[in-house]
Amino acid sequence: MTITFITGANKGLGRETARRLVGLGHTVLVGARDPGLGAAAAEALGARFVRIDVTDDASVAAAAADVAAREGRIDVLINNAGISGPHGDPAELTGADALGVFDVNVFGVIRTTTAFLPLLRRSPDPVVVNVSSGMGSFAVTHDPARVESSVVSPLYTASKSALTMLTTQYAKALKDIRVNAVDPGYTATDLNGHSGPQTVTEGTDAIVRLATEPSDAGTGRFVDRNGPVAW
């Protein structure tokens, strides 16, 4: 039985990923900051709720300890939790704004991955999936045919670019773990006011594929539902 831990899994892409992986036979652990929303989502999905606030070292450590005591290992870690931060004029941004976005989108991934590495290393086929974005790609955001090229969101885009690079570095360093990044695409979620043209099911296609692919599929990749994403 594959055991999968997903951060930010009480809604949006995280919840839909959890729903699909439960349907594929995974034991899914729904990670969420809000106990009420997380527990309700887990109960509805047939999963187990584990409280985690990826911006808090103690919370992340407690989540890893909870899983160590109950499941003993995980096979797949999906770092999905993320925030968009302020949009628009960069002249109005502050250092505090930047720290807030990076604390969730980048530093939160580092905290969670570090805490869960011992549990991943108990798996015969450990996998990390980092939910990044085409918004962090130079190629995508400079392509006038892509909607991403018309969006001004300095901190979100910078954080996702950092996350994709972080993924490649983990992939190089962690030879025993498959580590990949995914661009869900422009999907209707709370993050964008449900303005995206894709459904959450379409947005989770690549996440689910990376979480279920064979062990020889490769590491250090950045993919969307159609294949590799250019940087």
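Quick note: structure is the one above.
Residues numbered from 1 in each chain as written. Predicted model: local features only at pLDDT ≥ 70, side-chain atom pairs only at ≥ 80, totals over all residues. Heavy atoms only, no water.

Draft legend 1. Region of the structure containing the pairing of strand 4 (residues 76–79). Alternating positions in strand 4 separate into two faces, Val76 and Ile78 on one and Leu77 and Asn79 on the other, with burial throughout. Relative to strand 4, strand 1 (residues 3–6) is paired through three bridges, and the arrangement is parallel. Among the inter-strand pairings, Thr4 is bridged to a residue of strand 4, identified as Val76. Across four bridges, the pairing between strand 4 and strand 5 (residues 127–131) is parallel. When the bridges of strand 5 are listed, Val76 appears paired with Val127. In this region the chain leaves strand 4, passes through helix 4 (residues 95–120) and returns to the parallel neighbour strand 5; the handedness of that crossover is right-handed. (Buried < 20%, exposed > 50% of the residue type's maximum accessible area, 1.4 Å probe, protein only. Helix = DSSP H or I, 4+ residues; strand = E, 2+ residues; numbered from the N terminus. Pairing = 2+ DSSP bridges. Right-handed = clockwise from strand over helix to strand, strands pointing away.)

Draft legend 2. Fine view of helix 2 (residues 35–45). The complete set of buried residues in helix 2 reads Gly38, Ala41, Ala42 and Leu45. Within helix 2, the buried residues cover an arc of 100° as seen down the axis, which keeps them to one side. Summarising the geometry of helix 2, the exposed residues directed more than 90 degrees from the buried face are Glu43 and Ala44. Where helix 2 is buried, its residues contact helix 1 (12–23), strand 2 (27–32) and strand 3 (48–51). Structurally, the start of helix 2 carries an N-cap: the backbone nitrogen of Gly36 is 2.9 Å from a side-chain oxygen of Asp34. Positioned one or two residues after helix 2, Gly46 has a phi angle of 80°, which is positive. (Arc of directions from axis to C-beta. Contact = heavy atoms within 4.5 Å. Polar contact = N/O pair within 3.5 Å; in protein donor to acceptor, adjacent residues only side chain to side chain.)

Draft legend 3. Broad picture of the packing of helix 1 against helix 2. Where helix 1 contacts helix 2, the two axes come as close as 10 Å, and the packing angle between them is 30°. It follows from the interaxial angle that helix 1 and helix 2 lie roughly parallel. In this structure, the crossing between helix 1 and helix 2 has a hand that is right-handed. Residues Arg15, Ala18, Arg19 and Val22 of helix 1 touch helix 2, and the partners they reach there are Ala41, Ala44 and Leu45. Classifying every residue of the contact of helix 1 with helix 2 gives five nonpolar, no polar and two charged. (Axes fitted to C-alpha atoms, helices over the stretch in contact; angles between N-to-C directions. Parallel < 35°, antiparallel > 145°, perpendicular 65-115°, else oblique. Left-handed = near helix turned anticlockwise from the far one by under 90°. Nonpolar A, V, L, I, M, F, W, Y, C, P; charged D, E, K, R; others polar.)

Draft legend 4. Main features of the packing of aromatic side chains. Overall, the coordinates contain three aromatic pairs when judged by the stated rule. Taking the centre distance of 6.2 Å and the plane angle of 45° together, the rings of Phe102 and Phe107 count as tilted. Relative accessible area serves as the criterion here: at 19%, Phe102 is assigned to the buried category. Between Phe222 and Trp231, the aromatic rings sit 6.0 Å apart at their centres with planes inclined by 85°, giving edge-to-face as the arrangement. You can call Phe222 buried: its relative accessible area is 5%. Given a relative accessible area of 43%, Trp231 falls into the partly exposed group. (Phe/Tyr/Trp six-rings, centres within 6.5 Å; stacked < 30°, edge-to-face > 60°.)

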